[in-house]
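# Residue-level structural notes
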Amino acid sequence: MHLISLQIAEKFLEYCLEGLIAIIGLYLAFGKSYFTEKGKNLATSKDIEEITSKVEAIKIEFIKETEQLKANLNLITNFQSGLLSEEKNAIIEVNERYFSWLNMLTHTTLNVDTYENEELEKFSRHLRTLYNAYLNSEAKFLLFVDNDTLIEAESDLKIKTLQQVERIIPSLIQSLKFNNDQLFSAKNDPKKIAIFEDKRIELIEEADNKIVNNYGEILKLSSEFQQLCRDHIYDLITNSKAK
């Protein structure tokens, strides 16, 4: 749209300049002889040179202003294109970070099946790292995305994930760490070891069932969010081509 307006302005000013030059040409062709006969305002070669010089100066100034206008419009276009690119990247990144975090959450019971408390702590730290990365991408997402429906969907998805899945993990890890300590203390007592082994299996199975049961709602919300993301990205691409 800016480019079309610029082209129209260029053409208009070119026509004006051509008209001015034509008027001067007519004056030189016919006006000179007329005024010579009347004895008025004889146009000398010096007059012609001065008029021509002024016309050329106007043309040069017009070209400079036109080029400056083009540069400004290109700057605006590049800036708008940059914003659209950042918005698209923010949507893609928040999806990548969220699903990396979610996948680790849903595979928790595979990662906590260990007798080493240090391994449990390592897994817990890894989850926090993934969640923080997701929060960072969310901040960028909220900064660049201008779509209330999409923003609301992302917020709902995060809250439900925290409520339905993430909240299960810390208590599970703490319970397993305690159970591991009890197993280590009972290493010379087969009966106690059997009790704590059963407890360990019970803790993991209980957490796994909760995650599986709650995952259905998360899956539905995440699918809806992804569809909204795809639609918005397609709209961004379509609108950028239209401009």
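Residues numbered from 1 in each chain as written. Predicted model: local features only at pLDDT ≥ 70, side-chain atom pairs only at ≥ 80, totals over all residues. Heavy atoms only, no water.

### As for the nonpolar core
In this structure, Y98, I169 and F225 are the most contacted members of the largest nonpolar core, which totals 34 residues. Breaking this core down by element, the ones donating at least two residues are helix 2 (45–106), helix 4 (117–144), helix 5 (148–166), helix 6 (168–185) and helix 7 (190–242). With 9 residues, the top contributor of residues to this core is helix 7. What Y98 contacts, discounting residues up to four positions off in sequence, is Y134, L157, T161, I218 and S222. (Core = buried A, V, L, I, M, F, W, Y, C linked by side-chain atoms within 4.5 Å. Buried < 20%, exposed > 50% of the residue type's maximum accessible area, 1.4 Å probe, protein only. Helix = DSSP H or I, 4+ residues; strand = E, 2+ residues; numbered from the N terminus. Contact = heavy atoms within 4.5 Å.)

### Comments concerning helix 6
Residues that lie three or four places apart on an α-helix share one face, since the helix turns once every 3.6 residues. In this model helix 6 runs 26 Å from its N-terminal to its C-terminal C-alpha over 18 residues, within 8% of the 26 Å that 1.5 Å per residue would give. All of the buried residues in helix 6 are I168, I169, L172, I173, L176, K177, N179, N180 and L183. (Expected span 1.5 Å × (residues − 1).)

### Remarks on a negative patch on the surface
Taken together, the side chains of D146, D148, E152 and D156 define an acidic patch exposed on the protein surface. Tracing the backbone shows D156 in helix 5. (Patch = residues over 30% accessible without salt bridge, like charges linked within 9 Å, V, L, I, M, F, W, Y side chains within 5 Å. Areas by Shrake-Rupley, 256 points an atom, 1.4 Å probe, with all protein chains shown as cover. Salt bridge = Lys/Arg side-chain N within 4 Å of Asp/Glu carboxyl O. Lys, Arg positive; Asp, Glu negative; His and termini not counted. Charge placed at Lys NZ, Arg CZ, Asp CG, Glu CD.)

### Observations concerning the pattern of salt bridges
A complete count under the given rule lists 11 salt bridges for this structure. Close ionic contact of E93 with K140 constitutes a salt bridge, the shortest N to O distance being 3.5 Å. Placement of E93 in helix 2 and of K140 in helix 4 is noted, with a sequence separation of 47 residues between them. Owing to a relative accessible area of 25%, K140 belongs among the partly exposed residues under this scheme.

### What to know about the packing of helix 4 against helix 5
For the pair helix 4 and helix 5, interaxial distance at closest approach is 11 Å and the crossing angle is 165°. If you check the angle between helix 4 and helix 5, you find them roughly antiparallel. Between helix 4 and helix 5 the crossing geometry is left-handed. Together, Y131, Y134, L135, E138, F141 and L142 of helix 4 and L150, I151, E154, K158 and L162 of helix 5 make up the contact between the two elements. For the contact of helix 4 with helix 5, the class distribution of residues is 8 nonpolar, no polar and 3 charged. (Axes fitted to C-alpha atoms, helices over the stretch in contact; angles between N-to-C directions. Parallel < 35°, antiparallel > 145°, perpendicular 65-115°, else oblique. Left-handed = near helix turned anticlockwise from the far one by under 90°. Nonpolar A, V, L, I, M, F, W, Y, C, P; charged D, E, K, R; others polar.)

### Examining the confidence of the model for the chain
One rule of thumb: low pLDDT means the predicted coordinates there are not for detailed reading. Across the chain, the average pLDDT comes to 80, with 65% of residues at or above 70. For the stretch residues 1–6, pLDDT sits under 50, and the model shows 6 contacts to residues farther than four places along the chain or on other chains. Of the regions scoring below 50 in pLDDT, residues 37–43 engages in 8 contacts with residues more than four places distant in sequence or in other chains. (pLDDT = per-residue confidence, 0-100.)

### Topic: the environment of A186
Mapped onto the secondary structure, A186 falls in the loop between helix 6 and helix 7. C-alpha separation for the pair A186 and F196, spaced 10 residues apart in sequence, amounts to 8.8 Å. In this structure, A186 is in contact with K192, I193 and F196, ignoring residues within four places of it in sequence.

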